Amino acid sequence: MAEDAVTASWAHGACAWSILVHGGAGDVSAEHLPRHVEGCERAAAAGAAVLAAGGSALDAVQRAVEVLEDDASFNAGTGACLNEDGAIELDASIMDGTTLQAGGVCALAPFKNPIAIARRVMDASSHVLLAGEGAARFALEQGFVRADPSSMITDLARARLAAAQAKQTTEGWAGGTVGAVARDASGRVAAATSTGGMVNKRAGRVGDSPIVGAGTYADDATAACSTTGHGEAMIRVCLAKTASDAARTDGAEHAARASLAMMHARTSGTGGVILAARDGSLGLARTTRTMSWAAATDTGRASGA
Ligand code: GLY
């Protein structure tokens, strides 16, 4: 229930830069949770290295999400869940809070790092969101290499699809979407999100993660946000934009909690939200049993689930 949301926050105005990453809202077993937290710690460290060297929030969130996409523990990039045909279809988006420029890809065939293609959509096209074969064609034109699907499909993803198709588990949502939000030393915020979506989803199904305002949002005037959970619910309430707007006055932690409560009240959807507010403070909330995360600032590190 949203009223039972677990929340946390750091870095209230005292840091030069900050980054927070998540490894997806869901129900990860106690056995696997340490690996998820460690994956988030590695991703936050990679983003922190960008920020500590004076890099932008935009580059930091892209780098952090690439690390999570390369980690087969998560439902993004390598290890992404499978659709009803046993195929990977990837969704990702990235947004710059200074310019409000954004890029996304959806229902994309296997490529190792869809977040890098989303960034290229933002930087090298006049569009915000490219889908399916058109997105793949754009990626190839830009020099990205189509991956051999077998190099990205894990035994766990196959087992989850088999279980869902045998109705041994709740059909659908896999959890494990990944995302990052950051504020750099110049006060710019950015957000990025990447996912394989839902286990056994219909071919062509697109969730919230590639949609600006639902899965990802960033505005220097408010906050950067990445969401995870029931994509259909998140699209309906424009969760990332809602949470970012609320952070302007309510603070990151309260905004994360309140936006999830609103989504649950209106749609019954559950999930998680991470926010980096314009003052650099970080906040998260989840209404699922688990959501691995890691935070880093110029003054410290933290992680959990
Ligand atoms: N939140 C990820 C998805 O529903 O696709």
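Refer to the structure printed above.
Residues numbered from 1 in each chain as written. Predicted model: local features only at pLDDT ≥ 70, side-chain atom pairs only at ≥ 80, totals over all residues. Heavy atoms only, no water.

Peer 1: I'd like a rundown of the site of the ligand, residues and numbers included.
Peer 2: As a matter of local geometry, the ligand sits amid T177, G197, R205, G207, D208, S209, G229 and G231. In the environment of the ligand, a nitrogen atom lies 2.8 Å from a nitrogen or oxygen atom belonging to the backbone of G229. Here an oxygen atom of the ligand and a backbone polar atom of G231 are 3.0 Å apart. Contact with the protein chains removes 100% of the 200 Å² of surface that the ligand exposes when unbound. Residue composition of the shell around the ligand, by class: no nonpolar, six polar and two charged. (Near = heavy atom within 4 Å. Polar contact = N/O pair within 3.5 Å; in protein donor to acceptor, adjacent residues only side chain to side chain. Areas by Shrake-Rupley, 256 points an atom, 1.4 Å probe, with all protein chains shown as cover. Nonpolar A, V, L, I, M, F, W, Y, C, P; charged D, E, K, R; others polar.)

Peer 1: Talk me through the sheet that holds strand β8 (residues 216–218); I want residue IDs and the actual numbers.
Peer 2: Spatial strand order, β1-β11-β10-β9-β8: five strands in an open sheet with antiparallel pairing. Each edge of the open sheet is held by one strand with a lone partner, namely β1 (6–10) and β8. Averaged over all pairs of adjacent strands, the angle between strand axes in this sheet comes to 10°, irrespective of strand direction. As judged from the five bridges shared by β1 and strand β11 (residues 282–286), these two strands associate in the antiparallel manner. Each residue of the ladder has a partner; that of A8, found in β11, is L284. Helix α9 (residues 252–267) contacts β1, β10 (271–277) and β11 of the sheet and is inclined by roughly 150° relative to β10. (Pairing = 2+ DSSP bridges. Helix = DSSP H or I, 4+ residues; strand = E, 2+ residues; numbered from the N terminus. Axes fitted to C-alpha atoms, helices over the stretch in contact; angles between N-to-C directions. Contact = heavy atoms within 4.5 Å.)

Peer 1: I'd love a proper account of the pairing of β11, names of residues and values included.
Peer 2: The side chains of a regular strand alternate, first on one face of the sheet and then on the other. With five of five residues buried, β11 is to be regarded as a mostly interior element. Inspection of the sheet shows β10 paired to β11 by five bridges, in the antiparallel sense. Residue A276 lies in a different strand from β11, and its bridge partner there is L282. Hairpin connection, β10 to β11: the antiparallel pair is bridged by four residues, and G280 has positive phi, about 90°. (Buried < 20%, exposed > 50% of the residue type's maximum accessible area, 1.4 Å probe, protein only.)

Peer 1: Outline the side chain of R205, supporting the account with residue identities and numerical values.
Peer 2: As for its position among the elements, R205 is in the loop between β7 (189–195) and β8. Ignoring anything within four residues of it in the chain, the contact list for R205 reads E89, D91, G197, M198, G231 and E232.

Peer 1: Would you mind going over the side chain of H22 in detail, with residue names and values included?
Peer 2: Tracing the backbone shows H22 in strand β2 (residues 18–26). Of the polar contacts made by the side chain of H22, one reaches the backbone nitrogen of G24; its length is 3.1 Å. Residues within four places of H22 in sequence aside, it is in contact with C40, L68, T177, V178, G179, S226, T227, T228, I274, M291, S292 and W293.

Peer 1: Give a detailed account of the packing of helix α2 (residues 57–70) against helix α3 (residues 114–124), specifying residues and quantitative values.
Peer 2: Orientation of α2 relative to α3, taken along the N-to-C sense of each, is 150°, at an axis distance of 8 Å. Taken as axis vectors, α2 and α3 run roughly antiparallel relative to one another. From α2, L58, D59, Q62, V65, E66 and E69 reach across to α3, where they touch P114, I115, A116, R119 and M122. Classifying every residue of the contact of α2 with α3 gives six nonpolar, one polar and four charged. (Parallel < 35°, antiparallel > 145°, perpendicular 65-115°, else oblique.)

Peer 1: Any chance you could break down the packing of helix α1 (residues 33–52) against α2 for me, citing the residues and the numbers?
Peer 2: At a closest axis distance of 8 Å, the pairing of α1 and α2 adopts a crossing angle of 155°. As far as their axial angle goes, α2 and α1 are roughly antiparallel. Crossing of α1 against α2: the hand is right-handed. Contact residues: α1 offers G39, C40, R42, A43, A46, G47, V50 and L51, while α2 offers A57, D59, A60, R63, A64, V67 and L68. (Left-handed = near helix turned anticlockwise from the far one by under 90°.)

Peer 1: Lay out the pairing of strand β12 (residues 290–297) in plain terms, naming residues and giving numbers.
Peer 2: Taking burial as the measure, the eight residues of β12 include eight buried ones, the bulk of the element. With seven bridges connecting them, β2 and β12 associate as antiparallel partners. Among the inter-strand pairings, S18 is bridged to a residue of β12, identified as T297. Pairing of β12 with strand β13 (residues 300–304) involves five bridges; the strand directions are antiparallel. The residue bridging A295 from the neighbouring strand is A302, located in β13. Between β12 and β13, which pair antiparallel one after the other, the connecting turn spans two residues.

Peer 1: Explain the sheet that holds β12 to me, using residue names and the numbers behind them.
Peer 2: Reading across the sheet, the eight strands line up as β5-β4-β3-β7-β6-β2-β12-β13 and stay open at both edges, with mixed pairing between neighbours. Looking at which strands have only one partner, the edges of the open sheet turn out to be β5 (129–131) and β13. When strand polarity is set aside, the average angle formed by the axes of neighbouring strands in this sheet is 5°. Strand direction decides the pairing type here: strand β3 (residues 90–96) and strand β4 (residues 102–108), joined by five bridges, are antiparallel. Bridge assignment links I94 to a residue of β4, and that residue is G103. Most of the contacts of α1 go to β12, to which it runs at about 30°, and overall it touches β2, β6 (178–183), β12 and β13.

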